[in-house]
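# Structural characterization, general
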Amino acid sequence: RQWRERLQEASIGDKETISNLRQDNDFLKQVSADYENLRQDNDRLKEQVKEGELTLEELGQQLSWSKLQVDTMKEEVNVPGAWEKDSMATNCKICTKEFSLARRRHHCRNCGGIFCDACSDNKMKLPSSAKPMRVCDNCYTVLLDRQSKLP
């Protein structure tokens, strides 16, 4: 009789252990499934990042190429010595005031445009000249900005 009671107690304990092990097993199966889903998501995200980086690299190359084209176009437009003809300018390019005997035309030595005295009374040392030359207000601002960025 004692033996049977101990056997029943042992059987009940074994059943509880089996039940706990089944629960643990089910939990681990769920964790494994979750892990696999996360791994697949991670792989997919890595691929998206890789594609994004390639796209950014392509855009960066296109931007660099476009900047070079813009710089080339600016250089072609800003050819030193390519001055605007006096006869073509009837008004100042900045303030749009009309030229007359009292309001004379002045060439900007940087861009070659024609401006009134008030809009071109700045002097700046240019690479093409040893002494400071007359430049328009627009070029003066650009040249000052460039100078401030030099080391």
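Higher on the page you've got the structure.
This text gives an overview of the structure that appears in the document. (Residues numbered from 1 in each chain as written. Predicted model: local features only at pLDDT ≥ 70, side-chain atom pairs only at ≥ 80, totals over all residues. Heavy atoms only, no water.)

Once that is clear, we can look at the overall build of the protein. Of the regular secondary structure elements, the protein holds two helices and four strands. Starting at the N terminus and walking to the C terminus, you meet the elements of the protein as α-β-β-β-β-α. Its C-alpha atoms give the protein principal-axis dimensions of roughly 135 × 30 × 25 Å. Counted over contacts in the protein with a minimum sequence separation of 6, partners at least 24 positions apart contribute 30%. Surface summary for the protein: the accessible area is close to 12800 Å², and the carbon and sulfur share equals 54%. Taken as two groups, the 25 positive and 25 negative side-chain charges of the protein have centres that lie 10 Å from each other. (Helix = DSSP H or I, 4+ residues; strand = E, 2+ residues; numbered from the N terminus. Contact = heavy atoms within 4.5 Å. Areas by Shrake-Rupley, 256 points an atom, 1.4 Å probe, with all protein chains shown as cover. Lys, Arg positive; Asp, Glu negative; His and termini not counted. Charge placed at Lys NZ, Arg CZ, Asp CG, Glu CD.)

Before going further, it helps to spend a moment on the pairing of strand β4 (residues 132–135). Across four bridges, the pairing between strand β3 (residues 122–125) and β4 is antiparallel. Its bridge partner being in β4, K125 is matched across the sheet by P132. Linking two consecutive strands that pair antiparallel, namely β3 and β4, is a turn of six residues. (Pairing = 2+ DSSP bridges.)

The next thing to look at is the pattern of salt bridges. Following the criterion strictly, the structure yields five salt bridges and no others. Across the pair D117 and R134 runs a salt bridge, and its minimum N-O distance is 3.2 Å. Here R134 lies in strand β4 and D117 lies in the loop between β2 (114–115) and β3, a separation of 17 residues in the sequence. Residue D117 is classed as partly exposed on the basis of its relative accessible area, which comes to 41%. (Salt bridge = Lys/Arg side-chain N within 4 Å of Asp/Glu carboxyl O. Buried < 20%, exposed > 50% of the residue type's maximum accessible area, 1.4 Å probe, protein only.)

Core analysis: the largest hydrophobic core is formed by 15 residues, its most contacted members being C92, F99, C108, F115 and V135. Aside from chain neighbours lying at most four places away, what touches C108 is W83, G113, F115, R134, V135, C136 and C139. (Core = buried A, V, L, I, M, F, W, Y, C linked by side-chain atoms within 4.5 Å.)

Honestly, that's just the spatial picture; any functional story needs more than this.
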